[in-house]
Amino acid sequence: MSGKPWFAVSFLVVCNLLTLWPLQSDAQSEAPTLTPLCRPKVIASETVASAKQRYEAGEKAEPPLTDQNNGFAWPDTPIGVIKTDNGYEFFASDGGLHSRQFWQGHWYGNNKYGSATRSLGTLDNPLGSGPPIDVTILPNPDPAVNPYYSSYDYMGGGPVYKVPDAMPGAGNLLMVYHAEINTVTTHSFYSVLALAASTDNGMSWTDLGEIIRVNQAYRNDLDGYDIGDPPLVTSPDGKYFYIYFRDWLANGTTHWGNTITLVSVARAPIIEVLTAAFSNEPHAAFFQKYYAGDWRLEPGIGGYSTDLNPSAPYSGELQVAYNADLQRYVMIIGEGVLFAYAESPDGLRWTSPVLLHQFTGQPNTYVMPVGTGSDPRILGKQFYLFYTYGGSGGWPSNYVGRLTVNCQ
C-alpha cells in the first residue's frame, strides 16, 4: 500500500507469498460446517474510474500533489463510502509521497507516503467532477498517544464509519488506516492498523493511535507483512466494533512460514471507541483479540489470536460487511488474481470460502463490498465490489473496477 518506487514489486511479492504458502493453524482443528445462504454470481463488470480520470483528478487535487514520480496513486487502499443527501463521499489513500507544503495560508503533508483522500461522486463515478481533497493524517496533539508516528513511512486509509445520531461524536468520521514501518534489511515493511478521526467531514484527519499489531513483534529484518486495511464492523448485539485481519503468530524466526492465521478478529466496545476518539483528548480505545473462545486474554496490539477458518482454501485481503437480506456477515477475500466469498451468522463461525471471480492478467487489489441502499456498509441481495486494477505499467495505467454481485 504505497507509492514508493519499489513497492509495485514488493507488495505483489508479499501478497502472493502470503496467499500461496501452505497455511496451517493448531488453534482450531476443523473448519466450520456452516452452509452459505447465498450462491454469489458476478453479473456485471465495469470501469468506474479510468486511468485518464485518475490522472485528471490528480491534476486538480487540493492541496496539489507533491509526488512527481507516482502522481495520483489512488486508490491505494480499499475505498470507504458514505451516502449523503447529494450523492456519495469516497475515502481512500493516495499512495504517493505527501511532502510538507505551504498552500493557501496553511501547512499540509506529513512527509510520508499515503493519505486520507476524499472525493465526491456517484457509485458510477467515484471521483466526480470536483477536486479530490488529498490530505494526510496529522499527528495527535499529544505525542504520547502514538509514539510510533514518526517511524511510519506510510499512513493511508479508506474504510470510514460515520457516527450515528445520539452517539458520542455524532456526525463525525472514524477511519481505519494502514501504517508501515520499513524493514530495512529485507527492503519491505511491517504494517499495523490504527484509527484517525475527522470532525470536518474529511477535510482533515487526526491520528488516534494504533489498535492492532500482529503477534510477531517488529524487527528490521522480518519478512514483509501486509495486514491490509479492513473496516470496523458492528457486532451482532450492536455493542462492539469487530475488525478482521490476518495475524502473524510468532514462531521464533523472522519468517512467517506457516504461522499466519487465515481469519482473526479483535473487538472493542463501540461506546468506548467513540468516546475516546471524540473526547477533549482524542485517542484510540483498547481492542482485544479473540483467542481460545475468550475476548479478555489477548490485547489487540501484539496479542495472540485464534484462526476462525483455518481450513479455508482462500485467504488474503479480508473485507467484512453485514448483509441485511441474508441476515449474515459476508466476507470478501482478495487474493489478487481472484476474489472469494464466505458467510457467518455471528462473525465468528464462517463458511468455507468459495470462488467468486477469477481475473486474468495483472492482480487486482483493495477490494471493498459496497451496498446500494441508504448505508453503503450494509449489503443486500445485490451489491458491488470496488477494486483497484494493478497494471504492469504501474499507477499511470491503473483504474478502478466494479463488479456487480447477485445472490442466487
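In case you missed it, the structure is sitting above this.
Quick summary incoming for the structure in this document.

1. Considerations on the overall build of the chain
Each helix and strand counted, the chain has 3 helices and 26 strands in total. Counting only residues that meet the buried cut, the chain has 58% of its 408 residues in that class. At a minimum sequence separation of 6, the contacts of the chain that also span at least 24 residues come to 62%. When the accessible surface of the chain is totalled, it reaches about 15900 Å², and 52% of it is carbon and sulfur. Taking the average location of the 23 positive side-chain charges in the chain and that of its 37 negative ones, the two points are 5 Å from each other.

2. Some words on the pattern of salt bridges
Here the structure, examined in full by the defined rule, presents 10 salt bridges. Across the salt bridge formed by arginine 328 and glutamate 343, the nearest N and O atoms sit 2.9 Å from each other. In this pair, arginine 328 sits in strand β20 (residues 328-334) while glutamate 343 sits in strand β21 (residues 338-344), placing the two residues 15 residues apart along the sequence. Like arginine 328, the residue glutamate 343 is buried in the burial classification.

3. Overview of the environment of alanine 266
Relative to the helices and strands, alanine 266 resides in strand β16 (residues 264-269). Overall, alanine 266 belongs to the buried group, its relative accessible area being 0%.

4. Overview of the pairing of strand β10 (residues 154-162)
A regular strand places its side chains so that they alternate between the two faces of the sheet. With respect to burial, β10 is a largely interior element, 8 of its 9 residues being buried. Strand direction decides the pairing type here: β10 and strand β11 (residues 173-183), joined by 7 bridges, are antiparallel. Residue pairing in the sheet places tyrosine 161 in a bridge with leucine 174 of β11.

5. Looking at the sheet that holds strand β3 (residues 88-92)
Pairing between the strands of a sheet is mediated by backbone hydrogen bonds and can be parallel or antiparallel. Sheet architecture is open: 3 strands sit in the order β2-β3-β8, paired in antiparallel fashion. Looking at which strands have only one partner, the edges of the open sheet turn out to be β2 (80-83) and β8 (117-121). Direction aside, neighbouring strands of the sheet carry axes that sit 20° apart on average. Looking at chain direction, β2 and β3 are connected through 4 bridges and run antiparallel. Its bridge partner lying in β3, isoleucine 82 is registered against glutamate 89.

6. Quick look at unusual backbone geometry
For the bond from glutamate 62 to proline 63, the omega torsion is -10°, close enough to zero to count as cis. In this fold, proline 63 is placed in the loop between α2 (51-59) and β2. Residue proline 75 is bonded to the preceding tryptophan 74 through a cis peptide linkage, with omega at -5°. Looking at where proline 75 falls in the secondary structure, it is placed in the loop between α2 and β2. We note that alanine 166 has phi near 70°; this positive angle belongs to a residue other than glycine. Its location among the elements puts alanine 166 in the loop between β10 and β11. Residue alanine 166 is classed as exposed on the basis of its relative accessible area, which comes to 81%. Despite not being glycine, asparagine 201 has its phi angle at roughly 60°, a positive value.

7. Re the side chain of aspartate 307
By the secondary structure assignment, aspartate 307 is in the loop between β18 (294-299) and β19 (317-323). Here aspartate 307 sits buried without a salt bridge, and the closest side chain of opposite charge, arginine 246, lies 7.6 Å off (N-O distance). Side-chain polar atoms of aspartate 307 contact the backbone nitrogen of leucine 262, separated by 2.9 Å. Engagement of the side chain of aspartate 307 in a polar contact is seen with the backbone nitrogen of asparagine 309, the distance being 3.1 Å.

8. Concerning helix α3 (residues 270-277)
Inspection of α3 places Ile270, Val273, Leu274, Ala276 and Ala277 among the buried residues, and these make up the whole buried set. Each buried residue of α3 sits inside an arc of 165° when the element is viewed along its axis, so together they form one side.

9. Considerations on α2
Residue pairs three or four apart in sequence face the same way in an α-helix, which turns once every 3.6 residues. Inspection of α2 places Arg54, Ala57 and Gly58 among the buried residues, and these make up the whole buried set. Burial along α2 is one-sided: seen end-on, the buried residues are contained in an arc of 100°. Away from its buried face by more than 90 degrees, α2 exposes Lys52, Tyr55 and Glu59. Of the surrounding secondary structure, the elements contacted by the buried residues of α2 are β1 (40-49) and β26 (399-407).

10. Concerning the nonpolar core
By size, the foremost hydrophobic cluster in this structure holds 52 residues, and its most contacted members are Leu174, Leu195, Trp205, Ile212, Phe241, Ile243 and Phe287. Breaking this core down by element, the ones donating at least two residues are β10, β11, β12 (188-198), β13 (205-212), β15 (240-245), β16 and α3. Setting aside its immediate chain neighbours within four residues, phenylalanine 287 contacts Leu195, Ile211, Ile212, Leu232, Phe241, Ile243, Ala266, Arg267, Ala268, Val273, Pro299 and Gly300.

11. Concerning the state of the cysteines
Enumeration over the complete set of coordinates arrives at 1 disulfide. Here cysteine 38 pairs with cysteine 407 through a disulfide, and the sulfurs are 2.2 Å apart. One quick way to see it: the torsion about the S-S bond of cysteine 38 and cysteine 407 is about -100°, and its sign makes the bridge left-handed. Taken together, the positions of cysteine 38 in the loop between α1 (7-20) and β1 and cysteine 407 in strand β26 put the pair 369 residues apart, joining distant regions of the chain. Since its relative accessible area comes to 3%, cysteine 38 is described here as buried.

12. As for the environment of leucine 338
Among the secondary structure elements, leucine 338 is positioned in strand β21. Among the residues examined, leucine 338 registers a relative accessible area of 8% and is labelled buried. Between the C-alpha atom of leucine 338 and that of threonine 365, which follows or precedes it by 27 residues, the distance is 9.2 Å. Setting aside residues no more than four positions away along its own chain, leucine 338 makes contact with Tyr314, Ile333, Leu355, His357, Gln358 and Phe359.

Rules of the game
Residues numbered from 1 in each chain as written. Predicted model: local features only at pLDDT ≥ 70, side-chain atom pairs only at ≥ 80, totals over all residues. Heavy atoms only, no water. Helix = DSSP H or I, 4+ residues; strand = E, 2+ residues; numbered from the N terminus. Buried < 20%, exposed > 50% of the residue type's maximum accessible area, 1.4 Å probe, protein only. Contact = heavy atoms within 4.5 Å. Areas by Shrake-Rupley, 256 points an atom, 1.4 Å probe, with all protein chains shown as cover. Lys, Arg positive; Asp, Glu negative; His and termini not counted. Charge placed at Lys NZ, Arg CZ, Asp CG, Glu CD. Salt bridge = Lys/Arg side-chain N within 4 Å of Asp/Glu carboxyl O. Pairing = 2+ DSSP bridges. Axes fitted to C-alpha atoms, helices over the stretch in contact; angles between N-to-C directions. Polar contact = N/O pair within 3.5 Å; in protein donor to acceptor, adjacent residues only side chain to side chain. Arc of directions from axis to C-beta. Core = buried A, V, L, I, M, F, W, Y, C linked by side-chain atoms within 4.5 Å. Disulfide = S-S within 2.5 Å.

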